[in-house]
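# Topology and contacts: notes
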Amino acid sequence: MEFRNIAIIAHVDHGKTTLVDAMLKQSGTFADREVIQDCVMDSNELERERGITIYAKNTSIIVDGIKINIVDTPGHADFGSEVERVLRMVDSVLLLVDAYEGPMPQTKFVLRKSLALGLKPIVVINKIDKPTARPDAVLNMIFDLFVELGATEEQLDFKHIYAIGRDGVAKMNLEEEGKDLRPLFNLILKTVPPAPSNTTVPMRMQIANLKYDSYVGRIGVGRIYEGIIKAGQTVTIINLDGSREQHKITKLYTHKGLAKVEVTEAEAGDIVQIAGIPGIYVGETVAEDKEAEALPTIGIDAPTLTMNLMVNTSPFAGREGKLVTSRQIRERLERELETNVGLKVEFPETGDEFRVSGRGEMHLAVLIEQMRREGFELQVSQPQVIMKEVDGAKMEPMEAVIVDVPDEFAGTVIDQLGRRKGEMSNLMSENGSTRLEYSIPTRGLLGYRTMFMTDTKGEGTLSHIFSHYGQHKGEINRRSTGSIISGFMGKTTPYALAMVQERGPLFVAPGCEVYEGMVIGASMKETMTVNPVREKQLTNMRAASADHIVVITPPIDMNLERALEYIDTDEYVEVTPSNVRIRKQYLTEGDRKRHGVA
């Protein structure tokens, strides 16, 4: 059988998963009786809620007797390490770009990787039905981007197609009517080179991704470069350090649509999953010949952000979660490392604190959110960037940032990014909207997203991706507000909160259980301790304000990501299946004064 291997890359919300849905439906991959849900590739609960792809996934379709393996890649910058690995498995990429927004940081990042590997992308300009669509301008922007990234003459001669992924329509020219995705299928078959399929030589494949199955253990996902692989076959694993081990493949799977289908053998050019090798890891070569040469290694980007995960020690510890001990947290983190290649965890020999490092706030927040949904209870410290020292100079991670805001908010955003040591590289204004491009320390973006949404009244979009390590930029003041801390345990009352809310926005509503040392709001001035559980004293004397109606402003919903953005160095986020709370590390005012953090 002939194979075509492609990856779909796009920025968040440019319609990648919706287009894959339509490709699966129109290729006849699903039986007529099957009920197909929208965003079928986003199988994870968090992916569906957030509307983003978090994990790279494999699927396949058959078109004109040719198998097209499709890898759906994450669109968020924090999961970029997934994208880099899967590019090694494919021969071309579908570069999906919004017909209004144009190329974004993630697009630029992945495109650079694709071009460096010698891949020739197919450009899909999606959402051309938008009232604000500007497909011709976006096509010019993409061409300029190819030039900027050093594309070869052959890569600059890329093919492009227009699409409305939601409607399952593609067309080569804007003037065409467009009925289905057949023009896209034809373009893939014509443009993507057939995968080399030499089955006469000994088998070699390389692992590009990992999965975990509770029945068969760790599963390696990769492309067969040469030969035929068989279930039950004894193979040599060439480790990253050059050492060799022999193992037996117990299970062999290939992809049919979304299904993982068990097979007895598969041939060069296909993308498969293998089980039976407990320590298999990304970049390792699986070979039939004991003396085989290892395939070029796959690099994995190092983490840029770190935080501590700890056993919950708050006064409410153990009330809402089922999994609360350090042993249970340790086992869960060890299990996560089976598949989450971009994650690093330092396990202490003793103690209840685990240092967890990842690619960004969302990368770490997704892990913690999954744990709380599984019944875990824990507390988390403020995220910190990972510094490096190069030739005696302190270096820190830098981010490439693109901001799109209405013109009226541009000045405020420029001011805030400047305060956070951002350096503007480009400014464009068109049709009432301003696009700003910046290079900014990762530290400068920590805690900024919530402020950005407030400053732009929810109308702005901010996209960023790790760019490089640059010279340390000096002190950055992350937070200009103090904290409002509860000095008492109990249930909050409307009477008490009505007075406290004059000091700043609250995180709790009336009737909410609080404890001493819990952060219940943000003070516009200095940090303060208050009594949010005070009841109004009842007397037989009629006060002048007796008929005054207490009006409580709705509290800010401090979800996990907002809480991680907000907390200061002396605060923790308490995470349970039911609640996300913010607390001081030292709960009593006396302890805070003793440790100099009052």
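You'll find the structure just up there.
Position numbers for residues count from 1 along each chain, tracking the sequence in the order it is written. A pLDDT threshold of at least 70 governs which residues receive local features in this predicted model, and a stricter bar of 80 or more applies before side-chain atom pairs are shown or counted, although totals over entire chains, interfaces and linings include all residues. As a rule here, side-chain values come from all non-hydrogen atoms in the structure, and water together with hydrogens is ignored.

## Considering the overall build of the protein
If you tally the helices and strands in the protein, you get 15 helices and 34 strands. Burial classes: relative accessible area under 20% of the type maximum marks a residue as buried, over 50% as exposed, and values in between as partly exposed (1.4 Å probe, protein chains only). Counting across all 598 residues of the protein, residues that qualify as buried make up 53%. Across the protein, every contact between residues at least 6 apart in sequence was considered, and the portion connecting residues at least 24 apart equals 71%. Accessible area for the protein stands at about 26,800 Å²; split by element, carbon and sulfur atoms hold 49% of it. Put simply, DSSP H or I for four residues or longer makes a helix, DSSP E for two residues or longer makes a strand, and each gets a number counted from the N terminus. In this description, contact between two residues means that some pair of their heavy atoms is separated by no more than 4.5 Å. Note on areas: Shrake-Rupley, 1.4 Å probe, and residue coverage restricted to the protein chains presented here.

## A short note on the side chain of D98
Tracing the backbone shows D98 in strand β4 (residues 92-98). Given a relative accessible area of 1%, D98 falls into the buried group. A distance of 3.0 Å separates a polar side-chain atom of D98 from the backbone nitrogen of E101. Pairs of N or O atoms within 3.5 Å make up the polar contacts considered here, provided that, within protein, one atom can donate a hydrogen while the other can accept it, and that residues adjacent in sequence are counted only when both atoms are side-chain atoms.

## Quick notes on unusual backbone geometry
Phi angles above zero are rare outside glycine, and D64 is one such case at about 55°. At K127, a position not held by glycine, the phi torsion is positive, near 65°. Examined against the element boundaries, K127 turns out to sit in the loop between β5 (122-126) and α5 (135-148).

## Quick look at the sheet that holds strand β17 (residues 285-287)
Pairing between strands is defined by DSSP: at least two bridges between them are needed. An order of β12-β11-β17-β8-β9-β16-β13-β14 is seen for the 8 strands of this open sheet, with the pairing classed as antiparallel. The two strands at the open ends of the sheet, each matched to only one other strand, are β12 (244-248) and β14 (259-262). Along the sheet, successive strands turn relative to each other by an average axial angle of 40°, direction set aside. Both strand β8 (residues 204-213) and β17 contribute to a ladder of 3 bridges, which runs antiparallel. Considered in β17, the bridge of R204 is made with A287. What counts as an axis is a line fitted to C-alpha atoms, over the stretch in contact for a helix, and the angles between N-to-C directions run from 0 to 180 degrees.

## Topic: the packing of helix α10 (residues 407-419) against helix α12 (residues 448-455)
Their axes nearest at 10 Å, the elements α10 and α12 cross at an angle of 160°. With respect to their mutual orientation, α10 and α12 come out roughly antiparallel. Note on packing geometry: the crossing formed by α10 with α12 is right-handed. Where α10 abuts α12, its residues F409, T412, V413, Q416 and L417 lie against Y448, M451, F452 and D455. Between 65 and 115 degrees an angle is taken as roughly perpendicular, under 35 as roughly parallel, over 145 as roughly antiparallel, and anywhere else as oblique. What makes a crossing left-handed is the near helix being turned counterclockwise from the far one by less than a right angle; a clockwise turn instead makes it right-handed.

## Concerning the side chain of R223
Mapping R223 onto the fold places it in strand β9 (residues 217-226). Apart from the residues within four sequence positions on either side, R223 is in contact with N5, M89, V90, D91, A195, P196, R204, M205, Q206, G269, D270 and I271.

## Here's the deal with the nonpolar core
In this description, a nonpolar core means a group of buried Ala, Val, Leu, Ile, Met, Phe, Trp, Tyr and Cys residues linked to one another through side-chain atoms lying within 4.5 Å. One finds I142, F146, M205, I229, I274 and V286 to be the most contacted residues of the largest nonpolar core, which totals 54 residues. Counting residues per element, this core draws most heavily on α5, which supplies 5 residues. The residues touching I142, leaving out its near neighbours within four places in the chain, are L95, V97, P103, V123, I125 and F158. Within the second largest apolar cluster, 33 residues are counted, among which are V380, M558, L560 and Y566.

## Things to note about the pattern of salt bridges
If the charged atoms of two oppositely charged side chains come close together, the side chains can form a pair. The salt bridge criterion pairs a side-chain nitrogen of Lys or Arg with a carboxyl oxygen of Asp or Glu, the two atoms within 4 Å. The final tally for this structure, using the stated rule, is 28 salt bridges. With a shortest N-O distance of 3.2 Å, E574 and R581 are connected by a salt bridge. Residue classification places E574 among the buried residues on the basis of a relative accessible area of 0%. Since its relative accessible area comes to 7%, R581 is described here as buried.

## Thoughts on the packing of aromatic side chains
Two rings from Phe, Tyr or Trp (for Trp, the six-membered ring) form a pair when their centres are within 6.5 Å of each other. A pair whose planes differ by under 30 degrees is stacked, one over 60 is edge-to-face, and the rest are tilted. According to the stated counting rule, one finds 5 aromatic pairs in the structure shown. Here, a charge over a ring is recorded when the distance from Lys NZ or Arg CZ to the ring centre is within 6 Å and its angle to the ring normal is within 35 degrees. One Lys or Arg, R319, reaches over the ring of F316 and ends 4.1 Å from the middle of that ring.

## A closer look at the pairing of β4
Among the 7 residues in β4, 7 count as buried, and that is most of the element. Of the two faces of β4, both are covered, the one formed by S92, L94, L96 and D98 as well as the one formed by V93, L95 and V97. Bridge analysis of β4 against β5 gives 5 bridges, and the strand direction is parallel. Of the residues in β5, the one forming a bridge with V97 is I125.

## Points about helix α8 (residues 326-336)
Those residues of α8 that fall on the buried side of the exposure criterion are Q328, I329, R332, L333 and E336. Taken end-on, α8 shows its buried residues confined to a sector of 130°, consistent with a single buried face. Packing partners of the buried residues in α8 comprise β18 (305-311), β19 (344-346), β20 (353-358), α9 (361-373) and β21 (378-380). It is the directions from the helix axis to the C-beta atoms that the arc portrays.

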